[in-house]
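Here's the letter readout for the chains.
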Amino acid sequence: MPYTAPRFHPGSCIIKSVARFLLWLGGWKISGQPPDLPRYVLVAAPHTSNWDFVWVMAIAVRCGVRISWFAKDAMFIPPFGTIFRRFGGIPVDRSTSTDLVARLTQRFAESEKLILTVPVEGTRGYVPHWKSGFYRIAMAAGVPVVLGHLNYRTRVGGFGRALHLTGNVSADMDQIRDFYKDAHGKYPDLASPMRLKEEQSDQARGD
């Protein structure tokens, strides 16, 4: 079944007003403009708190951007399922053997417009490296990654540069690391090293 974009309109005055109020209440300012691109993977980093989702969503709505995000299907039970879907939620069944990257890549193939937000650490807790799903989805779908950011030290969040991946994982990650080098999550001790497991393969080949 083709993917249906979120039905709420991010340009709605009421929704934008709520987002503006939340950002004001939290002391957040927006940096950068969302790119004028119909499809891309939006990198969400660093991710150390449940509040990250609130601020990312508020920034997106304030900027008039419809973002999509995925979560386990158990979260989409009534009545919350309808609400989550309206705000871009994509339920995924992680109990099946079907590759999540392949399923989300297929979403891009079925969608004229899709901004898929991916928290690259995969969890709020510390992990030894970033998950490579964002990279593999963007490469397979032939779409750029856009570097979204939240800096709790400065209370500035927003949209950074659009990066067209080359397939050279280490070289691409060097650019991403340079962008996020001064970013600070809500709980800095939980931030994970900005490295993918695949970079070890690059190094072994001498790339």
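Parameters at a glance
Residues numbered from 1 in each chain as written. Predicted model: local features only at pLDDT ≥ 70, side-chain atom pairs only at ≥ 80, totals over all residues. Heavy atoms only, no water. Helix = DSSP H or I, 4+ residues; strand = E, 2+ residues; numbered from the N terminus. Buried < 20%, exposed > 50% of the residue type's maximum accessible area, 1.4 Å probe, protein only. Areas by Shrake-Rupley, 256 points an atom, 1.4 Å probe, with all protein chains shown as cover. Pairing = 2+ DSSP bridges. Axes fitted to C-alpha atoms, helices over the stretch in contact; angles between N-to-C directions. Contact = heavy atoms within 4.5 Å. Arc of directions from axis to C-beta. Core = buried A, V, L, I, M, F, W, Y, C linked by side-chain atoms within 4.5 Å. Salt bridge = Lys/Arg side-chain N within 4 Å of Asp/Glu carboxyl O.

K.L.:
I would appreciate a short explanation of the overall build of the protein chain in the present structure.
P.N.:
Along the protein chain, the regular secondary structure elements total seven helices and seven strands. In the protein chain, the order of α-helices and β-strands from amino to carboxyl end is α-β-β-α-β-α-β-α-β-α-β-β-α-α. Put simply, the protein chain has 207 residues, and 42% of those count as buried. Surface summary for the protein chain: the accessible area is close to 11,100 Å², and the carbon and sulfur share equals 56%.

K.L.:
Just to check I follow, could you spell out the sheet that holds strand 7 (residues 156–163) for this structure?
P.N.:
Two strands in a sheet stick together by hydrogen bonds in their backbones, pointing the same way (parallel) or opposite ways (antiparallel). Read from one edge to the other, the open sheet built from seven strands follows the order 1-7-6-2-5-3-4, with strand pairing classed as mixed. The strands lining the two open edges of the sheet, one partner per strand, are strand 1 (29–31) and strand 4 (89–92). Strand-to-strand twist in this sheet, taken as the mean axis angle between neighbours without regard to direction, amounts to 25°. Pairing analysis gives six bridges linking strand 2 (residues 39–45) to strand 5 (residues 114–119), with the strands arranged parallel.

K.L.:
Sorry, what's going on with the environment of Pro193 here?
P.N.:
Structurally, the position occupied by Pro193 is in the loop between helix 6 (169–180) and helix 7 (198–205). The class for Pro193 is partly exposed, based on a relative accessible area of 32%. Separated by 67 residues in the primary sequence, Pro193 and Tyr126 have C-alpha atoms spaced 8.7 Å apart. Apart from residues lying up to four places away in sequence, Pro193 is in contact with Tyr126, Val127, Pro128, His129 and Trp130.

K.L.:
Help me out: how do you make sense of helix 4 (residues 100–110) in this one?
P.N.:
Along an α-helix, a turn takes 3.6 residues, which lines up residues three or four apart on a common side. Regarding helix 4, the residues found buried are Val101, Leu104, Thr105 and Phe108. In a view along the axis of helix 4, the buried residues occupy a sector of 105°, so they form one face of it. Tucked into the core, helix 4 has its buried residues touching strand 2, strand 3 (68–72), strand 5 and helix 5 (133–141).

K.L.:
Mind showing me how you'd approach the nonpolar core here?
P.N.:
Across soluble globular proteins, nonpolar side chains show a tendency to be buried alongside one another. Ranked by internal contacts, the top residues of the largest apolar core, which has 29 residues, are Val41, Trp130, Phe134 and Val145. Of all the secondary-structure elements, those providing two or more residues to this core are strand 2, strand 4, helix 4, strand 5, helix 5, strand 6 (145–151) and helix 6. Considering each element in turn, this core owes the most residues, five residues, to helix 5. Grouped together as the second largest cluster of nonpolar side chains are 21 residues, Trp55, Phe76, Ile115 and Val146 included.

K.L.:
Is there a simple way to think about the pairing of strand 5 in this case?
P.N.:
Working note: regular strand, side chains alternate between the two faces of the sheet. Where burial is concerned, most of strand 5 is hidden: five out of the six residues are buried. Sheet analysis places strand 3 next to strand 5, joined by two bridges and oriented parallel. Looking at strand 5, one finds that Trp69 is bridged to Thr117.

K.L.:
Explain the pattern of salt bridges here, please?
P.N.:
Under the criterion given, the structure shown has four salt bridges. Taking the shortest distance from any N to any O, the salt bridge between Arg177 and Glu199 comes out at 2.8 Å. Taken together, the residues Arg177 in helix 6 and Glu199 in helix 7 connect sequence positions 22 residues apart. The two residues Arg177 and Glu199 agree in class, both being buried. The residue Arg195 makes a salt bridge to Glu199 at a minimum N-O spacing of 3.4 Å. Arg195 sits in the partly exposed class, given a relative accessible area of 36%.

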